[in-house]
Amino acid sequence: VRVVASSEVGPYLIAVDKARLTQRDIVQGIVDEMSHKMEVPMRPAEADFKDVMMLDLIMEPSAPMQSKDFQWWCKKGLLVNIKKVADEFCRWRRLRPLKAVVMAPPGSGAERLCTRFAEHYLHRNPPHLRYEGILQDALKPGAKSSETLRAKLEESPGGKLSLKTRTRLVRSRLLSNVCRYRGYILEGYPTSHEEAEALFTEVVAEEEGEVAAEENEEEEEEEEESAPPAEDEDEEEDESAPKRRLNKAVAPEFCIVIQSSEEQCKRRIFEGKALGANNEAEFLQKTLEYRRENIPDDGRAGTSDFFSDTAGVQVLRIDIDACTEAEAFQAIRVHVESRGQFFNYLPSDEFLAREREKEIILVESTEDQREERLRQERLAAEELKLHERADEETSRRRVIAESEASLLENETQPLRQYLMNNVVPTLTEGLSEVCKQMPDDPIEYLAQYLFAHAQDIAPQLEAAASRS
């Protein structure tokens, strides 16, 4: 196949590179270049796609590509030139990483604002970075040089690593695939002008006028960590220090400074609305360090001065005490998008509004279903109670009816039968006793006898009823 024509597309040429790559090789190469490095899982193709996936797509290139003078773009294939292809892909689709540094005093609530900032522009699981998190990742078992770093941390005064080590840790994260192609939100670091200069600039060789080679930086750092640390090695500045220039590979495009009073910061921390310190002494110490490095009163350059003077970044300052979090985020959006809207396959505001509306509908539907279920359970419980009460009322009515029937039966007996059952037996025994005793006053004796044996008739009636 040399030339393929279509009425819709028009004629085009087929270019075939010299690589022989499988689909797995291509996908794995893209993942290794643009995402977290991981082994791409393999699974058998589904029956409906098995024939398609096994199709041999090796083609013969069109005639112009077979010429020796043809100027190839990626002659050796996609994987060999993956970085070049990725850069071209991002450029033509207007995909650019968002790199921002956010500085704020402890207790300002910057962590919430940064999380919202990162989630809006950097997709799910965004690279929202803090120095403490980077350090913890480097100390995890299995991480490169984790044991050496842990030993270095234990030996360091106050548990603070040297400037060179801190710079290497943070820079390696900023040079990761995700940060290079998606960007990052770096919160709370650098904390001083010196840290900013070490992190975002690189040494330039004076003679050649090019960036000095730093391929062996990690090896040199490991050797430095294994050797006894020199006093004030990273703090003293050599007079013959080499010239440095901005490292565009890691330098941020935006710098945001959150401003807040000490009283408001303390209030947020103690009310649990912000992070920054565990007690008042720690809060005062961190606040003092922040003010010393960012609001110096001795004429030194502050941290934000590095970004405005050296990096050429316009610093956005937000007084969080004078606005709400939503208003602060809107100010950040306006500032960030002033140079053009970030495409980056981010969902539009309309899409986000529709998604929020769906979420609200889902929540309302779930709440309605829960209320309906509770109502049905309540009605069932009430109905059960009504049945129980009805059964109790029926049983009570039956007992009353039986009692009334027995009473009515007794009341409807003939007088002679009533006398024979209730009066005659006791009266007969009383007369017999009068005859036997022959009292002086037989009437009084008989009356006393009847009073004394008035209740004796009940057992006799029960015995007679049982015999009958």
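The preceding data block contains the structure.
Residues numbered from 1 in each chain as written. Predicted model: local features only at pLDDT ≥ 70, side-chain atom pairs only at ≥ 80, totals over all residues. Heavy atoms only, no water.

**Comments concerning the overall build of the protein**
Secondary structure assignment for the protein yields 19 helices and 9 strands. Looking at the 468 residues of the protein, the share that counts as buried comes to 28%. Total accessible area on the protein is roughly 32,200 Å²; 53% of this is exposed by carbon and sulfur atoms. (Helix = DSSP H or I, 4+ residues; strand = E, 2+ residues; numbered from the N terminus. Buried < 20%, exposed > 50% of the residue type's maximum accessible area, 1.4 Å probe, protein only. Areas by Shrake-Rupley, 256 points an atom, 1.4 Å probe, with all protein chains shown as cover.)

**Comments concerning the sheet that holds strand β8 (residues 254-259)**
The 5 strands are arranged β4-β5-β3-β8-β9 in an open sheet whose pairing can be described as parallel. At either end of the open sheet lies a strand with only one pairing partner, and these are β4 (128-130) and β9 (315-319). Going across the sheet, the axis of each strand differs from the next one's by a mean of 20°, ignoring polarity. When β8 meets β9, the two strands line up parallel, connected through 5 bridges. Counted as the bridge partner of Gln259 is Asp319 from β9. (Pairing = 2+ DSSP bridges. Axes fitted to C-alpha atoms, helices over the stretch in contact; angles between N-to-C directions.)

**Description of helix α6 (residues 146-155)**
If you check which residues of α6 are buried, you get Ser146, Leu149, Lys152 and Leu153. Angularly, the buried residues of α6 cover 125° about the axis, an arc narrow enough to put them on a single face. Relative to its buried face, α6 has exposed residues pointing more than 90 degrees away, namely Glu147, Glu154 and Glu155. (Arc of directions from axis to C-beta.)

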